[in-house]
Amino acid sequence: QAWLFQQRLRHADYASAFAHADALMRQIDDAQPPMFQVFAKLVKADPHSLAPLAQRLATNPPWRHAFFDSLMGDPQGQATAAALAVGISNSEHPATNGELSALFNSLVQSHQGLAADQLWRRLSVGATARGQPYDGDFGAATSPEPFGWSILGGEGSTVEVSPDNDRPGKRALRVQYDGYSTPDLIKTYMVLPPGAHRLSGLTRSEMTEGADRLGWVVKCADDGEVLLEAKGAPTEAAGAWQPFAAPFSVPASGCQGQWLQLVAYPGERRTDIAVWYDKLAVTP
């Protein structure tokens, strides 16, 4: 198979070459890393090899996810992964959420959040029509991170998207917190233009105390600058949905992407806290 792969490459018969490489990697796992390096170099040297490689990936070979992961180390690899994700988007086996999450997170970590956002909108049905955050009503079954919600959880907390018994057919975010620990809870990535914005939503506390131990924070992904810190307000009517809103501003530069994150504000003693959130939206 290795010999046939080399022979086909010499004649630029890429479709056949990738078929032999596929057969080889299915038989020998150790062949995957060096073959992945060959693929990456080949696409860089001859862009005509990209479409046949996408056709092979569209068959969903068992090494595909590992290959996508291998491309995340540099801008050229990220560009190749993005082109391949587009190339297989209309196949029977488009890129999985796991594969897209690796790509999007890699782009965001490389301060290319706008490119990640544009690619996500291109690949996801209906993403162009979505607001910010992308799943503010917690209705999506699954979405790739970081645009889908990343549930972090942590000691002293339970974070889950659950059916809302008070509203049949509706789902919402429910956070249970002990009021004392310091867990990471949940976050999502946004791409907002510079200027004034407003975070709004609905919240419901199961208790009359403790809602102010949780709050939403918006911060720049590039440097961590906090743009908004909105603690929950005390409530006099436990169990009732209440609207909330808070203004903030995105600076003109240095803040291409933003994290929207629910954070905890620990107290001196443990307190049972359970708060629901829904209909999160950021508007001008």
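As shown above, the structure is provided for reference.
For every chain, the first residue of the written sequence is number 1, and numbering continues from 1 along that sequence. Where local features are concerned, this predicted model is filtered to residues with pLDDT of at least 70; where side-chain atom pairs are given and counted, the filter is 80 or more; whole-chain, interface and lining totals use all residues. Only heavy atoms go into the side-chain values, all of them from the structure, while hydrogens and water stay out.

Q: Please give an account of the pairing of strand β9 (residues 258–264) that cites residues and values.
A: Moving residue by residue along a regular strand, the side chains alternate between the two faces of the sheet. β9 sits mainly inside the fold: six of its seven residues count as buried. In short, DSSP must find at least two bridges between two strands for them to pair. Helix and strand definitions here come from DSSP, where helices need a minimum of 4 consecutive H or I residues and strands a minimum of 2 consecutive E residues; each element is numbered from the N-terminal end. One ladder, built from five bridges, connects strand β4 (residues 186–190) with β9; its direction is antiparallel. Opposite M190, over in β9, you have Q258 as the bridge partner. Inspection of the sheet shows strand β6 (residues 214–220) paired to β9 by seven bridges, in the antiparallel sense. In the sheet register, V218 faces β9, and the bridge partner there is L260. The buried label applies to any residue whose accessible area, calculated with a 1.4 Å probe on protein chains only, is under 20% of its type's maximum; exposed applies above 50%, and partly exposed to all values in between.

Q: Break down helix α8 (residues 113–123) for me, citing the residues and quoting the values.
A: Listed as buried for α8 are G113, A116, D117, L119, W120 and L123. The arc that holds the buried residues of α8, viewed along the axis, is 165°, so those residues lie on one side. Across from the buried face of α8, at angles greater than 90 degrees, the exposed residues are Q118 and R122. Against the buried residues of α8 lie α6 (75–87), α7 (97–109) and β4. It is the directions from the helix axis to the C-beta atoms that the arc portrays. Any two residues whose heavy atoms approach within 4.5 Å are treated as being in contact.

Q: Pulling in residues and values, what's your account of the pattern of salt bridges?
A: The salt bridge definition used is simple: a Lys or Arg side-chain nitrogen within 4 Å of an Asp or Glu carboxyl oxygen. For the coordinates displayed, the defined rule picks out nine salt bridges. A salt bridge links D22 to R26, with the shortest nitrogen-to-oxygen separation between them at 2.7 Å. Linking D22 with R26, this pair stays in helix α2 (residues 14–27), spanning four residues, or about one helical turn. Under the relative-accessibility criterion, R26 is labelled partly exposed at 46%. Measuring nitrogen to oxygen at the nearest pair gives 3.2 Å for the salt bridge that ties D117 to R121. With a gap of four residues between them, D117 and R121 both fall in helix α8, about one helical turn apart. Overall, the relative accessible area of 6% leaves D117 in the buried class.

Q: Explain helix α3 (residues 32–45) to me, using residue names and the numbers behind them.
A: Every helix has an expected span of 1.5 Å times one less than the residues it contains. In this model, α3 (14 residues) spans 20 Å end to end at C-alpha, consistent with the 20 Å of a helix rising 1.5 Å per residue. Every buried residue belonging to α3 is among Q32, M35, F36, F39, L42 and V43, and all of these are buried. Seen along its axis, α3 keeps its buried residues to an arc of 125°; they face one direction. Within α3, the exposed residues directed more than 90 degrees away from the buried face are Q37, K41, K44 and A45.

Q: Quick one: what's the story with the state of the cysteines, residue by residue and with numbers?
A: Note that a disulfide, as used here, is simply two cysteine sulfur atoms within 2.5 Å. Following the criterion strictly, the structure yields one disulfide and no others. Residue pairing for C220: its cysteine sulfur links by disulfide to C255, the two sulfurs lying 2.1 Å apart. Here the S-S torsion is close to -105°, and the disulfide linking C220 with C255 is therefore left-handed. On the criterion of sequence distance, the pair formed by C220 in strand β6 and C255 in the loop between β8 (242–250) and β9 is long-range, its members being 35 residues apart. C220 gets classed as buried once you look at its relative accessible area, which sits at 1%. Judged by its relative accessible area of 5%, C255 falls in the buried class.

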